[in-house]
Amino acid sequence: MDGAGDKHKYTLQDGGHAMDGRQSYRRALRASLFLLGIAAAPAHSAVLLSEVFYDASGGDAGQVFVELYGSTGLDLAGYELRGINGSGGDTYKTVALSGLIPADGVFVVADDDGGSTAVPDADLLADVDFQNGPDSIELWDGGMVIDALGYGDFTSAVFAGQGDPAPDVSAGQSLARVSVTGSNLADFMVLDTPTPGSTAVSAVPVPAAVYLMGSGLALLGSRLRRCT
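Definitions and cut-offs
- Residues numbered from 1 in each chain as written.
- Predicted model: local features only at pLDDT ≥ 70, side-chain atom pairs only at ≥ 80, totals over all residues.
- Heavy atoms only, no water.
- Helix = DSSP H or I, 4+ residues; strand = E, 2+ residues; numbered from the N terminus.
- Buried < 20%, exposed > 50% of the residue type's maximum accessible area, 1.4 Å probe, protein only.
- pLDDT = per-residue confidence, 0-100.
- Contact = heavy atoms within 4.5 Å.
- Polar contact = N/O pair within 3.5 Å; in protein donor to acceptor, adjacent residues only side chain to side chain.
- Pairing = 2+ DSSP bridges.
- Axes fitted to C-alpha atoms, helices over the stretch in contact; angles between N-to-C directions.
- Phe/Tyr/Trp six-rings, centres within 6.5 Å; stacked < 30°, edge-to-face > 60°.
- Lys NZ or Arg CZ within 6 Å of the ring centre and 35° of its normal.

This brings us to unusual backbone geometry. Glycine aside, residues mostly have negative phi, and peptide bonds are mostly found in the trans state. Backbone torsion omega between G133 and P134 reads 5°, so that peptide bond is classified as cis. Structurally, P134 can be placed in the loop between β7 (124-126) and β8 (135-141). The backbone of D121 shows a phi angle near 60°, a positive value even though the residue is not glycine. Along the chain, the position of D121 falls in the loop between β6 (106-111) and β7. A relative accessible area of 51% places D121 in the exposed class.

This brings us to the confidence of the model for the chain. On average, residues of the chain score 77 in pLDDT, and 67% of them reach the 70 mark or higher. Between residues 2-19, whose pLDDT stays under 50, and residues either more than four places distant or in other chains, the model counts 37 contacts. Residue range residues 202-228 is modelled with pLDDT below 50. Its contacts to residues more than four positions away, or to other chains, number 48 contacts.

With respect to the element layout, N184 can be found in helix α2 (residues 184-187). A distance of 3.0 Å separates a polar side-chain atom of N184 from the backbone oxygen of A148. The contacts of N184, once residues within four sequence positions are left out, are A148, L149, G150, F159, G161, Q162, D164, P165 and A166.

Attention now goes to the pairing of strand β9 (residues 144-151). Counted residue by residue, β9 has 6 buried out of 8 residues, so it is predominantly covered. Pairing geometry for β8 and β9, over 7 bridges, is antiparallel. Within β9, the position partnered with E138 by the bridge is A148. In this structure, the hairpin formed by β8 and β9 is closed by a connection of 2 residues, where G142 is found at a positive phi of approximately 65°.

What the 4 strands build is an open sheet, ordered β5-β4-β8-β9; its pairing is antiparallel. Every interior strand has two partners, whereas the edge strands, β5 (91-96) and β9, have only one. Going from strand to strand, the sheet's axes swing by 20° on average, the running direction of each strand aside. Relative to β5, strand β4 (residues 79-85) runs antiparallel, the two sharing 5 bridges. Within the sheet, the bridge partner assigned to L81 lies in β5 and is V95.

Inspection of every chain in the model, using the stated rule, returns 4 aromatic pairs. Here F53 and F65 contribute two aromatic rings whose centre-to-centre distance is 5.7 Å and whose plane-to-plane angle is 55°, an arrangement assigned as tilted. Here the residue F53 occupies a position in strand β2 (residues 47-53), and F65 occupies one in strand β3 (residues 65-70), the gap between them amounting to 12 residues. Summarising the burial analysis for this pair, F53 and F65 share the class buried. Taking the centre distance of 4.2 Å and the plane angle of 20° together, the rings of Y54 and Y151 count as stacked. Of the two residues, Y54 sits in the loop between β2 and β3 while Y151 sits in strand β9, which places them 97 residues apart along the sequence. When the ring centre of W140 is taken as reference, the NZ or CZ atom of R82 above it lies at 3.7 Å.

In structure tokens:
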């Protein structure tokens, strides 16, 4: 869905290197977080936003998606996605979720285009045509926000994300999670080619584990250097 906001370019290059880079980054992150003992989380926080594609090249209907990552078998009944308008901070869209997180932990909510979608590996069809930035997307469990992504220039807008906002991507690009630090800018990278249903981060935001992130990211850095 179209919206207003400045465009920033923190991009990963097209082609095979894009997929290899993202997979290597996520594999290294997954390993470092596992070694730090951040694999478990209470049920109320066992799912998070993994990738968001909100601005397709051309029409958005049936093209865009929100990818979640969570504990295998988690029932998403009672969870919601909410779109928060950067202009005034009102909720402009609420999407009720349903279904179980599959064995790989990746759950794709694909945009519903009259009962069908062009998004591969879809687990649920729903109206997830969220606006361009500056806007935010919140993930709710009952009456509690458990994750949020804000993207765009919020100089004159209402930010409902975490830490600093991620950039507002160009058409055809997505925002994909690569870490869990509590800052959207640090936690999400821009992908030139969206990857719905791909392996995601195997960690969830655990408050007690936040202090471990520094050493975890240091270990990640050393692993990434060996992957390149």
